[in-house]
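Working through the structure, step by step
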Amino acid sequence: MTLTPALTDKLKNPRIVVAGGFTDGKWNTVSSRGKVFRVSNPATGEVLAQISDLSTKATKEAIEAAHAAQPAWAALAAKERADLLKGLNRLMIEHADDLATVLTLEMGKPFAEAKGEILYGAAFIEWFAEEARRVYGDTIPGHTANTRITVIKQPVGVVGVITPWNFPNAMLARKLAPALAVGCTVVAKPAAETPLSALAIARLMEWAGFPAGVFNVVPGTDAAAIGEELCANPKVAKISFTGSTNVGRTLMRQCADGIKRMSMELGGNAPFIVFDDADLDAAVAGAMASKFRNAGQTCVCANRIYVQSQIHDRFVARLGEEMARLKVGDGLEEGVTIGPLITDKAVDKVTELVGDARDQGAVIVMGGTPTGEATFYPPTLITGATKAMRLAREEIFGPVAPVFRFETVDEVIDLANATEFGLAAYFYGRDIAKVTRVAEALQYGIVGINTGLISTEVAPFGGMKQSGFGREGSKYGIEDYLDIKYLCLAV
Ligand code: SIN
């Protein structure tokens, strides 16, 4: 048995997942001699599947398949590629419940959130299906009377895509869609904790009729070996990675020899600033949405909540009331809003950060100790946080809301920017001059102003500083998969 009843019994159509790699349109399923790895439900510890544990050899094969398939894929009319992507979008929506169930089971996020992620992923597929037909070039007046200059854009080639466990569907969809839209082919390495969502996308692509080799998936536990092959293999033209800044650094080093193109969506340390003139209810709602989405396990989650002195106590009281309503539990249970953390290691890290804050004088208003059950961690509210604490510098990646008190606009801008990260920032305030000034001063790729929700396929998602480079989504997201060429014609 490669998929267990803990998974298949919960699906309307269990055929949506296959327990193997997907290369050149064929499934590499578990053989009696092959190495396998287990995928487990973090909420219960139950084993969901045993998947072929692939490594360098399988990665090379997948790259060969993608490389062989790329010229014919690029030669299709943009509309033909767009139609296939639209078919995938329709299948994702049709099977959204099953895809969300798979996601909740392997990753832990509550079912309603998982379904939101599936629709978010499907929206990227739809967006880039539409953009496929708008990869426009340019004409430039020639530099002499007898030259004509034309700019054309061409697919970079094979793209190696490395995706994280926290959004196993949407992060793959937003890389896959622009790549395929412009005529690139893809080899994907999903996180070992959550390969099933990527395999389900491959299954839907098979059903949608994508040609063999256009999309390949290499599941495996040896992320270092697979990543190294993707970075070093000269047949891969570009790497698109979402994950930690540390892994991003390693991949950059490995891509250096081949001067390989990269897009990197790395770690964050988002400030969430509440000024005295903020709409209190809106600020609390925004903080809840930004902090507790995916149990605090997103790169854009509010990591440091800065609250100006006059509104501080009222904000903390209201935030505490809202946090008390959160329900921790198995993501498939009705009403659950906070699922488990991904692993025991994640619980240990959050526990250490909270312990360090407590040791340095922070007040733990709520939560603060692991529940002891599976990998659940309770919503935790901390006041009196300071910049000396580790949670001011490190990504918490858990349901912990540390509140820092501040006095002036200049002070909070300095505090907010005092990090090597620059992915997302948020602030609440109503004075238009201050709003403009703060928005321009924050050194972040994404700034939410009077909102805690900034994720959408229509906007350019990406960071500054050590949060990476490149943009995903929007008209900008397609450029990362294109080479610009100019044709200089003498007449
Ligand atoms: C992330 O956490 O890396 C992505 C979150 C998002 O797209 O909203």
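Residues numbered from 1 in each chain as written. Predicted model: local features only at pLDDT ≥ 70, side-chain atom pairs only at ≥ 80, totals over all residues. Heavy atoms only, no water.

What follows concerns the site of the ligand. Lining the immediate surroundings of the ligand are Tyr 120, Asn 166, Phe 167, Met 171, Arg 174, Thr 242, Glu 265, Arg 293, Thr 298, Cys 299, Ser 455 and Phe 461. Side-chain polar atom of Asn 166 to an oxygen atom of the ligand: 3.4 Å apart, as the coordinates give it. In this structure, Cys 299 approaches the ligand through a main-chain N or O atom, which is 2.7 Å from an oxygen atom. Computed on the free molecule, the ligand has an accessible area of 260 Å², of which 100% lies beneath the protein chains in the complex. Inspection of the shell around the ligand shows a minimum of three residues originating in each of domain 1 (2-266 + 467-488) and domain 2 (270-456). (Near = heavy atom within 4 Å. Polar contact = N/O pair within 3.5 Å; in protein donor to acceptor, adjacent residues only side chain to side chain. Areas by Shrake-Rupley, 256 points an atom, 1.4 Å probe, with all protein chains shown as cover. Domains from an automatic or database assignment.)

Moving on: the nonpolar core. Counting 140 residues, the largest nonpolar core has Phe 215, Phe 315 and Leu 319 as its most contacted members. Among the elements that take part in this core, helix 6 (residues 170-182) stands out by supplying 10 residues, more than any other. Here this core spans two domains, since at least three of its residues come from each of domain 1 (2-266 + 467-488) and domain 2 (270-456). Those residues in contact with Phe 215 that lie beyond four places of it in its chain are Phe 22, Leu 172, Leu 176, Val 186, Ala 188, Ala 198, Ile 201, Ala 202 and Met 205. One finds Leu 54, Ala 66, Val 218 and Cys 255 within the second-largest nonpolar core, a separate group that totals 20 residues. (Core = buried A, V, L, I, M, F, W, Y, C linked by side-chain atoms within 4.5 Å. Buried < 20%, exposed > 50% of the residue type's maximum accessible area, 1.4 Å probe, protein only. Helix = DSSP H or I, 4+ residues; strand = E, 2+ residues; numbered from the N terminus. Contact = heavy atoms within 4.5 Å.)

A word on the sheet that holds strand 5 (residues 138-141). Note: strands within a sheet are paired through backbone hydrogen bonds, in either parallel or antiparallel orientation. Ordered in space as 5-6-22, the 3 strands form an open sheet in which the pairing is antiparallel. On the outer flanks of this sheet lie strand 5 and strand 22 (482-490), each paired with one strand and no other. Across the sheet, the axes of successive neighbouring strands diverge by a mean angle of 25 degrees, strand direction being ignored. (Pairing = 2+ DSSP bridges. Axes fitted to C-alpha atoms, helices over the stretch in contact; angles between N-to-C directions.)

Another point: the domain arrangement of the chain. Domain annotation of the chain identifies domain 1 (2-266 + 467-488) and domain 2 (270-456). At the boundary of domain 1 with domain 2, total buried surface from both sides reaches about 2000 Å², with 62% on carbon and sulfur atoms. Counting across the interface, domain 1 meets domain 2 through 0 salt bridges. The tally of links from domain 1 across to domain 2 stands at 7 residue pairs in polar contact (both at pLDDT 80 or more). (Buried area = accessible area lost by both parts, 1.4 Å probe. Salt bridge = Lys/Arg side-chain N within 4 Å of Asp/Glu carboxyl O.)

So, on to helix 5 (residues 111-131). Across its 21 residues, helix 5 extends 30 Å between first and last C-alpha, which sits within 8% of the 30 Å expected from 1.5 Å per residue. Of the positions making up helix 5, those classed as buried are Ala 114, Glu 117, Ile 118, Tyr 120, Gly 121, Ala 122, Ala 123, Phe 124, Ile 125, Phe 128, Ala 129 and Glu 131. Each element contacted by the buried residues of helix 5 is listed here: helix 3 (78-94), helix 4 (96-107) and helix 6. (Expected span 1.5 Å × (residues − 1).)

On to the packing of helix 4 against helix 7 (residues 196-208). Packed helix pairs are characterised by how far apart their axes lie and by the angle those axes make with each other. Axis separation between helix 4 and helix 7 bottoms out at 9 Å; the angle between their running directions is 160 degrees. With respect to helix 7, the element helix 4 is oriented roughly antiparallel. The interaxial crossing formed by helix 4 with helix 7 has right-handed handedness. Every residue of helix 7 that contacts helix 4 at Leu 99, Val 102, Leu 103 and Glu 106 is listed here: Leu 196, Ser 197, Ala 200 and Leu 204. Residues that form the contact of helix 4 with helix 7 fall into these classes: 6 nonpolar, 1 polar and 1 charged. (Parallel < 35°, antiparallel > 145°, perpendicular 65-115°, else oblique. Left-handed = near helix turned anticlockwise from the far one by under 90°. Nonpolar A, V, L, I, M, F, W, Y, C, P; charged D, E, K, R; others polar.)

With that settled, the discussion passes to the sheet that holds strand 15 (residues 380-383). Strands sit in the order 14-15-16-13-12-18-19 across an open sheet of 7 strands; the sheet is mixed. The open sheet is flanked by strand 14 (363-366) and strand 19 (446-449), the only strands paired with a single partner. Mean inter-strand twist for the sheet, computed between neighbouring axes without regard to direction, equals 20 degrees. Bridge count for strand 15 against strand 16 (residues 400-406) is 3 bridges, and the pairing is parallel. If you follow Thr 380 over to strand 16, its bridge partner there is Val 400. Contacts between helix 11 (residues 309-324) and the sheet are confined to strand 12 (270-274), strand 13 (302-308), strand 14, strand 15 and strand 16, with strand 13 contributing the most and set at about 135 degrees to the helix.

As a further point, take a positive patch on the surface. Among the surface-exposed residues, Lys 86, Arg 90, Arg 133 and Arg 134 lie close enough to one another that they form a single positively charged patch. Mapping Arg 134 onto the fold places it in the loop between helix 5 and strand 5. Given a relative accessible area of 43%, Arg 134 falls into the partly exposed group. (Patch = residues over 30% accessible without salt bridge, like charges linked within 9 Å, V, L, I, M, F, W, Y side chains within 5 Å. Lys, Arg positive; Asp, Glu negative; His and termini not counted. Charge placed at Lys NZ, Arg CZ, Asp CG, Glu CD.)

Inspection of every chain in the model, using the stated rule, returns 25 salt bridges. Residues Glu 61 and Lys 57 are paired through a salt bridge, measuring 3.2 Å at the closest nitrogen-oxygen approach. Within this pair, Glu 61 and its partner Lys 57 are both found in helix 2 (residues 56-75), separated by 4 residues, close to a single helical turn. When its relative accessible area of 40% is taken as the criterion, Glu 61 is described as partly exposed. One salt bridge connects Glu 64 with Lys 235, and the closest N-O pair in it is separated by 3.0 Å. Taken together, the residues Glu 64 in helix 2 and Lys 235 in the loop between helix 8 (223-232) and strand 10 (236-242) connect sequence positions 171 residues apart. Connected via shared salt-bridge partners are Asp 281, Arg 318, Glu 321, Glu 322 and Arg 325.

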